[in-house]
Amino acid sequence: MSYEVSKVVMGEDVKYKNPTAEFYEAVGGEEGMKNLMYDFYDIIYESDIAHFFPQDEEDFEAVKVKNTKFFVQICGGPKVYESETGGMDLDEFMIRLHDDFSIYEKSRYEWLGCMEEALRKVDMEQRIKDDFWAYLESFSKLTVNTFSDGSVYYADYNPGQ
């Protein structure tokens, strides 16, 4: 199955819904999430956006650990990422974290393509994958901050959408 990816419109009011705990359970809890995310980041490491990530193996391993914790928590698992956010809302923290990088729409497409490749290998009901994908596809728009015309725009955080 191939997922749809919609275009980013600068300044668009992006609506998203965090994944349900059903995804967390279906993927196999913390261990299953780790397997998915480690596979995803191994795919990223061979992609056109690898340069956004540490090239040192030990540093890249730390990224895998940290980002797995984010997905565990955002998908309704234990609050294992809380200490990273400095009290900021988890979604807002992740949006602001990307402000330090020039993220183009092309990079978003590549990131989503890597995730799609990793998700294809996970055995679970398609509707549960679709719900997770809907979150990724929408939320990832908020990380794009650099546009082909050279303009830069940092998305607003609007909780409860």
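Residues numbered from 1 in each chain as written. Predicted model: local features only at pLDDT ≥ 70, side-chain atom pairs only at ≥ 80, totals over all residues. Heavy atoms only, no water.

Colleague: What's the story with the packing of helix α3 (residues 57-74) against helix α6 (residues 126-139) in this structure? I'm lost.
Modeller: A packed helix pair is summarised by two numbers, namely the angle formed by the two axes and the spacing between the axes. Interaxial distance between α3 and α6 falls to 13 Å at its minimum, and their mutual angle equals 120°. One element, α3, and the other, α6, form an angle in the oblique class. For the pair α3 and α6, the sense of crossing is right-handed. Counting all contacts with α3, which are made through Phe 70, Phe 71 and Ile 74, the residues of α6 involved are Phe 132, Tyr 135 and Leu 136. Of the residues that constitute the contact of α3 with α6, the class distribution is 6 nonpolar, no polar and no charged. (Axes fitted to C-alpha atoms, helices over the stretch in contact; angles between N-to-C directions. Helix = DSSP H or I, 4+ residues; strand = E, 2+ residues; numbered from the N terminus. Parallel < 35°, antiparallel > 145°, perpendicular 65-115°, else oblique. Left-handed = near helix turned anticlockwise from the far one by under 90°. Contact = heavy atoms within 4.5 Å. Nonpolar A, V, L, I, M, F, W, Y, C, P; charged D, E, K, R; others polar.)

Colleague: Whenever I open this one, the layout of surface pockets confuses me. Can you help?
Modeller: Gaps left between atoms show up when a probe the size of a water molecule is rolled over them. Its boundaries defined by the atoms lining it, the largest pocket holds a volume of some 570 Å³. Contributing to the lining of the largest pocket are 23 residues, with Phe 53, Asn 67, Met 94, His 98 and Trp 111 lying nearest its centre. Elements with a contribution of two residues or more to the lining of the largest pocket: α3, α4 (90-97), α5 (105-120) and α6. In the lining of the largest pocket, the residues fall into 16 nonpolar, 5 polar and 2 charged. (1 Å grid on protein atoms, 1.4 Å probe; cavity = no way out; pocket = protein on both sides within 12 Å on 5 of 7 lines; lining within 4 Å. Points joined across faces, edges and corners; volume = space filled by probe spheres on them.)

Colleague: It is not clear to me how helix α2 (residues 29-45) should be interpreted in this structure. Could you clarify?
Modeller: What sets the pattern is the α-helix's 3.6 residues per turn: residues three or four places apart point alike. When the terminal C-alpha atoms of α2 are compared, their 24 Å separation across 17 residues agrees well with the 24 Å that a helix rising 1.5 Å per residue should span. Buried within α2 we find Gly 29, Gly 32, Met 33, Leu 36, Met 37, Tyr 38, Phe 40, Tyr 41, Ile 43 and Ile 44. Residues of α2 that are buried make contact with α1 (21-27), α3, α5 and α6. (Expected span 1.5 Å × (residues − 1). Buried < 20%, exposed > 50% of the residue type's maximum accessible area, 1.4 Å probe, protein only.)

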